[in-house]
Amino acid sequence: MEELLPHDVIEYHIMVRLDVKTLLKFKSVSKQWMSTIQSPSFQERQLIHHLSQSSGDPHVLLVSLYDPCARQQDPSISSFEALRTFLVESSAASVQIPTPWEDKLYFVCNTSCDGLICLFSFYELPSIVVNPTTRWHRTFPKCNYQLVAADKGERHECFKVACPTPGFGKDKISGTYKPVWLYNSAELDLNDKPTTCEVFDFATNAWRYVFPASPHLILHTQDPVYVDGSLHWFTALSHEGETMVLSLDLHSETFQVISKAPFLNVSDEYYIVMCNLGDRLCVSEQKWPNQVIWSLDDSDHKTWKQIYSIDLIITSSLFFSAIFAFTPLAVLDKDKLLFYDSTHGDAFLTHDPDTKSYDLPYTSNRCATVVCYFPSLISIL
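Residues numbered from 1 in each chain as written. Predicted model: local features only at pLDDT ≥ 70, side-chain atom pairs only at ≥ 80, totals over all residues. Heavy atoms only, no water.

In the nomenclature of an unreviewed UniProt entry, the protein chain is known as F-box associated interaction domain of Arabidopsis thaliana x Arabidopsis arenosa.

Given below as structure tokens:
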């Protein structure tokens, strides 16, 4: 082919259109092709091209919650399936992804970034950034919060409040990826500051603190959500009973309240879930007999628009009744909503707002934490 076409034509007009699995096979064609496919600039162009296409739904990744007792009770469980992925639109069975960290308890940050996912342990293990498509991964050390939590664990002590979870996202200006731990440090008896924020720098392979940290306490029971260069948290209920949406710009590393959410005046934070749907910041709110999904207007960051309504009577009659709010995962086929019950993590539903129908595309026999991602070649060197 290169005898007929210059390499830059092949790269910019042919290779960039190919899917990740095909490109991985083509690395063996020549040293030049391998160099191109491994180039960060090409990897970014290939991802942007495929994300710009209207077709193609995200993959769903399940990170199994390892239960050492399960294998003793069920001899058929011969090995721990750490990662398993499936496509909602495909009728084929899910695919297990081999990992070197089997039999380890890992959770996953609830939003992916450029095809990368971030696995974390609350205190026992170092964190891992993984590309599920290429199998590339990089381990990075524990933050200060995890070290303190590990010390408490060794002394058989525990925190009196819910443990925080990290976020993972990208500085869109510099192109660097950043894991972030934000936590209410005074509540955790770590120091006298209301909150502490730690950001990991892959260039130095070290954690550093962000000053100033958030001026508002956050809800530890809610996972941070990455959207368009920023991570987002719910603030803790104020004395007025108000919940706000807090953002951290991953480039300037500054906090700000981007929106007040008056419809979130609920006594139990387990009935609300923040999520990323189509690169939009959304909130799912359970109000029996419905669960409503709201989207924040990108233009003014003040207006919330209702985009979906789930009939909880119908979903509970199908197979289960959710204790907490359903977690929306992705928008499929332009307008179908994919969601699951995060309390079990083993069953998924799709909702078509046009036909008002519900479907059960996939079930798992293992409890898991879940994230959606698009295949990419991206890695962090």
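### Thoughts on helix α6 (residues 144-154)
Buried within α6 we find Tyr145, Gln146, Ala149, Ala150 and Lys152. Seen from one end, α6 has its buried residues packed into an arc of 160°, which puts them on one side. In this structure, the buried residues of α6 make contact with β6 (127-130), β9 (177-183) and β10 (196-201). (Buried < 20%, exposed > 50% of the residue type's maximum accessible area, 1.4 Å probe, protein only. Helix = DSSP H or I, 4+ residues; strand = E, 2+ residues; numbered from the N terminus. Arc of directions from axis to C-beta. Contact = heavy atoms within 4.5 Å.)

### Things to note about the sheet that holds β9
What the four strands build is an open sheet, ordered β8-β9-β10-β11; its pairing is antiparallel. Looking at the sheet topology across the chains shown, the edges are occupied by β8 (167-170) and β11 (206-209). Each neighbouring strand pair of the sheet contributes to a mean axis angle of 30°, computed without reference to strand direction. Across four bridges, β8 lies against β9 in antiparallel orientation. Within the sheet, the bridge partner assigned to Gly167 lies in β9 and is Val180. This element, α6, spans β9, β10 and β11 of the sheet and lies at about 50° to β9. (Pairing = 2+ DSSP bridges. Axes fitted to C-alpha atoms, helices over the stretch in contact; angles between N-to-C directions.)

### Quick notes on the side chain of Thr111
Mapped onto the secondary structure, Thr111 falls in the loop between β4 (107-108) and β5 (117-120). A relative accessible area of 7% places Thr111 in the buried class. A polar atom in the side chain of Thr111 sits 3.1 Å from the backbone nitrogen of Tyr226. Not counting the four nearest positions on each side in its chain, Thr111 is found in contact with Phe168, Pro224, Val225, Tyr226, Asn276 and Val371. (Polar contact = N/O pair within 3.5 Å; in protein donor to acceptor, adjacent residues only side chain to side chain.)

### Notes on unusual backbone geometry
Cis rather than trans, the peptide bond between Phe211 and Pro212 has omega equal to -10°. In this structure, Pro212 sits in the loop between β11 and β12 (225-227). A cis amide bond links Trp288 with the next residue in sequence, Pro289, at an omega value of 10°. Here Pro289 is to be found in the loop between β17 (281-287) and β18 (290-296).

### Looking at the pairing of strand β1 (residues 59-64)
One face of the sheet, then the other: side chains in a regular strand alternate in exactly this way. Across the six residues of β1, six count as buried, placing the element largely inside the fold. As judged from the six bridges shared by β1 and strand β24 (residues 368-373), these two strands associate in the antiparallel manner. By the bridge assignment, Ser64 is partnered in β24 with Ala368. Sheet topology places β1 next to strand β2 (residues 83-87); five bridges connect them, and they run antiparallel. If you follow His59 over to β2, its bridge partner there is Leu87.

### Thoughts on the pattern of salt bridges
All chains considered together, the criterion is met by eight salt bridges. Of the charged contacts, one joins Glu285 and Lys287 as a salt bridge, the two residues approaching to 3.6 Å between their closest N and O atoms. You can call Glu285 buried: its relative accessible area is 3%. When the shortest N-O distance is used, the salt bridge between Asp333 and Lys336 registers 4.0 Å. Overall, Asp333 belongs to the partly exposed group, its relative accessible area being 46%. (Salt bridge = Lys/Arg side-chain N within 4 Å of Asp/Glu carboxyl O.)

### Quick look at the state of the cysteines
Applying the stated criterion across every chain, the model contains zero disulfides. A disulfide-free cysteine, Cys275 has its sulfur positioned 5.0 Å from the sulfur of Cys282, the nearest such atom. (Disulfide = S-S within 2.5 Å.)

### What to know about the UniProt feature "domain: F-box" (unreviewed entry) in the protein chain
Within this numbering scheme, the UniProt entry marks residues 13-42 as carrying the feature "domain: F-box" (unreviewed entry). With 60% helix and 0% strand, residues 13-42 has its two end C-alpha atoms placed 12 Å apart. (UniProt positions renumbered as here; feature names shortened; annotations may be inferred.)

### Examining the pairing of strand β14 (residues 244-249)
By the criterion of burial, β14 is predominantly enclosed, with five of the six residues buried. Bridge count between strand β13 (residues 230-234) and β14: five bridges; the pairing is antiparallel. The residue bridging Phe234 from the neighbouring strand is Val245, located in β14. With six bridges connecting them, β14 and strand β15 (residues 254-260) associate as antiparallel partners. Bridge assignment links Asp249 to a residue of β15, and that residue is Thr254. Taken together, β14 and the strand that follows it, β15, pair antiparallel across an intervening segment of four residues, in which Glu253 is found at a positive phi of about 55°.

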